[in-house]
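# Structural characterization, general
Listed here are the chains, written in short residue letters.
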Amino acid sequence: MEKSRQVWDNPLQFVFACISYAVGLGNVWRFPYLCQMYGGGGFLIPYLIMLIVEGMPLMYLELAVGQHMRQGSIGAWKSISPYLSGVGIASVVVSFFLSMYYNVINGWAFWYLFHSFQDPLPWSHCPLNSNLTGYVEECEKSSPTQYFWYRETINISSSISESGSIQWEQAVCLILAWFVVYLCIIRGTESTGKVVYVTASLPYLVLIIYLVRGLTLHGAVNGLAYMFTPKLEQLANLKAWVDAATQIFFSLGLGFGTLIAFASYNEPDNNCEKHAIIVSLINSGTSIFASIVTFSIYGFKATFNYESCLSKVMLLLTNTFDLEEDAITPDNLDDMKSYLNTTYPQEYATIFPQIKNCSLESELDTAVQGTGLAFIVYTEAIKNMEVSQIWSVLYFVMLLTLGIGSMLGNTAAILTPMTDSKFLSKHLPKEVISGIVCFVSCIIGILFTMESGSYWFDIFNDYAATLALLLIVLVETVAICYFYGIKRFEKDLQAMIGHKPSWYWKIMWCFTSPLVIISLFIFYITDYIRKGTLQYHAWDATEGRLVTKDYPTEALVVIGLLVASSIACIPVAAIVTFIRTRLKRQVSPDLRL
């Protein structure tokens, strides 16, 4: 098998593949949100600590397992022990869940990219109503960017129970996204190895361009000051440490089987220790770099909204009280409001409901993550830039390369165990296997293009992987350290990289990392129990805003099945293996007779 197995053209190609997989949308739309939530630069302290005690050790462990066993996740763990085959199966199940919904993001990015060539951008203004007498009420109550996202893009229903119809424009974009992914993986590492050079490097080029542009924007310094002003009291917040550990865990893509699959195509003597450190540091450095870019853009947006708010209030007061044009300035606005309220109480009371309380701090405090940051906050900032079409195209090209790079790794986690199977590889070429996986995932993914699809997308994004991956990586670590044996693993590493792992790696693998994972697992379980009924945010078209609702019974059932179906693979596979072993032992004496 080793002689016929594909390998990367060179170690650099493997590193690019890992970077392309690990550096994804979470670096752009999750890490900046966490910095904003937990005190800017102060969040870097727990984040970097968790990188050292959790991220790098676990990544090294998965790369070493894949490189030594030279198989995908199922075959690798089955080789270590037949009772561990369920660990690999669980990884494939979670990766399949991810493939069903993750490429929908790339479909949305394609949709926005195609609309980025319009002048003006379609999310820069509200459309006219059917009577052409004013703007659409839903858009006026929300904003042009929110309206374009919730109504023109996903055409969201008012609740998860209202399925609605399939949005065929989004379905076509999803099919296009899957077609691009298929072209990238059609020949295995031979084609993927070439694509990762682009998907790993292009986002950095776009981020650098955006950084230069962002730093020159009016108000960028406000966003950067907000990010780098540490709130050290957040270090006493347990949730900050939990979110730091979780961000490291999922950002590196641990437990999905992708790192094992990628490492299985390495030469046996590849220095996986060095590569684990390099990829981990680049991934974390990218998160910080992307946050600087995001907060410069965010500062521009917040400053623009703040100054627009001030201008509307000053114009309202000037017109109402027939003042001179420059009588009210941002500096004397509060004094003028007090003076006008005292001098003309009746007139002031009439317009008081229209006078907004403008605050730069409140604009900066608005924490947004996920699709809200990618498709609403960023687009709102882009529409106010000069030559906004160029910046929009650059931004959505970057999102696409990040998303496709992650999809290449995700599909590798599914395809590698399948192509390793002698039965499948004997009857079907890998191009057909890849096509079947892409086709099935695409057909199921079309469900996410329904009017309620965004709600189901959030369910899969929130619950399909979290607990399952924590359990998978915990079992992996315990299995290597205490069943396979840390001394035996040391010898394997020495044979591959030429030296045994240092005391740091062994302490992390045997004690620290498992304790961190157990702590995270307990926290999430207790957090779910403490919250009681699970809730979601639904779009209220009449109000033009999100409202909180309880998940209906059918949604709770799906959440339970998502969590149980992957986790159950581990004990069920072990039980099946145990029964088969006992049956063989019972049959063997009869055969000898």
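All residue numbers here refer to positions counted from 1 along the written sequence of the relevant chain. Totals for whole chains, interfaces and linings use every residue, but because this is a predicted model, local features are given only for residues with pLDDT of at least 70 and side-chain atom pairs only at 80 or more, for both listing and counting. Just so you know, side-chain values use all the structure's heavy atoms and leave hydrogens and water out.

Next up on the list: the packing of helix H19 (residues 388–420) against helix H21 (residues 430–445). A fitted line through C-alpha atoms serves as each axis, taken over the contacting stretch for helices, and the angle formed by two N-to-C directions is quoted from 0 to 180°. Helix and strand labels come from DSSP, where a helix needs a run of H or I of at least four residues and a strand needs a run of E of at least two; each type is numbered from the N terminus. Close contact between H19 and H21 brings their axes to 10 Å; oriented N to C, the two are set at 140°. By the angle class used here, H19 and H21 are oblique. At the point where H19 passes H21, the crossing takes the right-handed sense. Residues Ile414, Leu415, Met418 and Thr419 of H19 form the contact with H21, whose own contacting residues are Lys430, Ile433, Ser434 and Val437. Its residues assigned to classes, the contact of H19 with H21 shows five nonpolar, two polar and one charged. Oblique is the label for any angle not under 35 degrees, not over 145, and not in the 65 to 115 range, which are roughly parallel, roughly antiparallel and roughly perpendicular in turn. In this scheme the handedness of a crossing depends on how the near helix is turned from the far one: anticlockwise by less than a right angle means left-handed, clockwise means right-handed. Here a residue-residue contact requires only that any non-hydrogen atoms of the pair lie within 4.5 Å. For this classification, Asp, Glu, Lys and Arg are treated as charged, while Ala, Val, Leu, Ile, Met, Phe, Trp, Tyr, Cys and Pro are nonpolar and the rest, including Gly, are polar.

A separate point is the packing of aromatic side chains. Between rings of Phe, Tyr and Trp, where Trp is taken as its six-membered ring, a pair exists when centres lie within 6.5 Å; planes separated by under 30 degrees are stacked, by over 60 edge-to-face, and by other angles tilted. Under the counting rule described, the total for this entry stands at 47 aromatic pairs. Ring centres of Tyr226 and Phe295 lie 6.4 Å apart, and the angle between their planes is 20°; on these two criteria the pair is classed as stacked. With Tyr226 in helix H11 (residues 220–228) and Phe295 in helix H14 (residues 272–320), this pair connects stretches of sequence that are 69 residues apart. Accessibility classification places Tyr226 together with Phe295 in one group, the buried group. Burial here depends on accessible area, computed with a 1.4 Å probe over protein chains only, as a share of the maximum for the residue type. Under 20% is buried, over 50% is exposed, and the range in between is partly exposed.

In the sections that follow, a salt bridge refers to a side-chain nitrogen of Lys or Arg positioned within 4 Å of a carboxyl oxygen of Asp or Glu. Taken as a whole and judged by the stated rule, the model has nine salt bridges. A salt bridge links Asp9 to Lys194; its shortest N-O distance comes to 3.2 Å. Residue Asp9 is found in the segment before helix H1 (11–22), and its partner Lys194 is found in helix H10 (residues 189–215); the two are separated by 185 residues along the sequence. Judged by its relative accessible area of 52%, Asp9 is exposed. Take Lys194: its relative accessible area is 44%, and that puts it in the partly exposed class. Three or more residues are tied together by salt bridges with common partners; here these are Arg30, Lys239 and Asp243.

This part takes up H11. Every buried residue of H11 is accounted for by Ala220, Gly223, Leu224, Tyr226 and Met227. Down the axis of H11, the buried set is contained in an arc of 160°. They therefore lie on one face. Elements in contact with the buried residues of H11: helix H3 (31–37), H10, H14 and helix H17 (360–365). The arc refers to the directions leading from the helix axis to the C-beta atoms.

Packing of helix H22 (residues 453–463) against helix H25 (residues 553–567) leaves a shortest axis separation of 10 Å and a crossing angle of 35°. Pair H22 / H25 crosses with right-handed handedness. Along the contact surface, H22 presents Trp456, Ile459, Phe460 and Tyr463, while H25 presents Glu554, Ala555, Val558, Ile559, Leu562 and Val563. Its residues assigned to classes, the contact of H22 with H25 shows nine nonpolar, no polar and one charged.

With that settled, the discussion passes to the side chain of Ser99. As for its placement among the helices and strands, Ser99 is situated in helix H6 (residues 85–115). Among residues more than four places away in sequence, those in contact with Ser99 are Trp178, Met407, Asn410, Ile414 and Ser441.

Regular strands place their side chains on alternate faces of the sheet. For two strands to count as paired, DSSP must find a minimum of two bridges between them. Of the pairings in the sheet, the one linking strand E1 (residues 535–540) to strand E2 (residues 545–550) comprises six bridges and is antiparallel in character. Its bridge partner lying in E2, Gln535 is registered against Asp550. What sits between E1 and E2 in their antiparallel hairpin is a turn of four residues, with Gly544 showing a positive phi close to 70°.

The disulfide criterion is simple: two cysteine sulfur atoms within 2.5 Å. Counted according to the given criterion, the structure contains two disulfides. One disulfide in the model links Cys126 with Cys139; its S-S distance is 2.0 Å. Around the S-S axis, the bridge from Cys126 to Cys139 shows a dihedral of about -85° and counts as left-handed. Taken together, the residues Cys126 in the loop between H6 and helix H7 (137–141) and Cys139 in helix H7 connect sequence positions 13 residues apart. Look at Cys126 and you get buried, because its relative accessible area is 13%. Residue class for Cys139 comes out buried when judged on its relative accessible area of 1%. Note on cysteine connectivity: Cys309 is disulfide-linked to Cys358, with sulfurs 1.9 Å apart. Across the S-S bond linking Cys309 and Cys358, the dihedral sits near -80°, which makes this disulfide left-handed.

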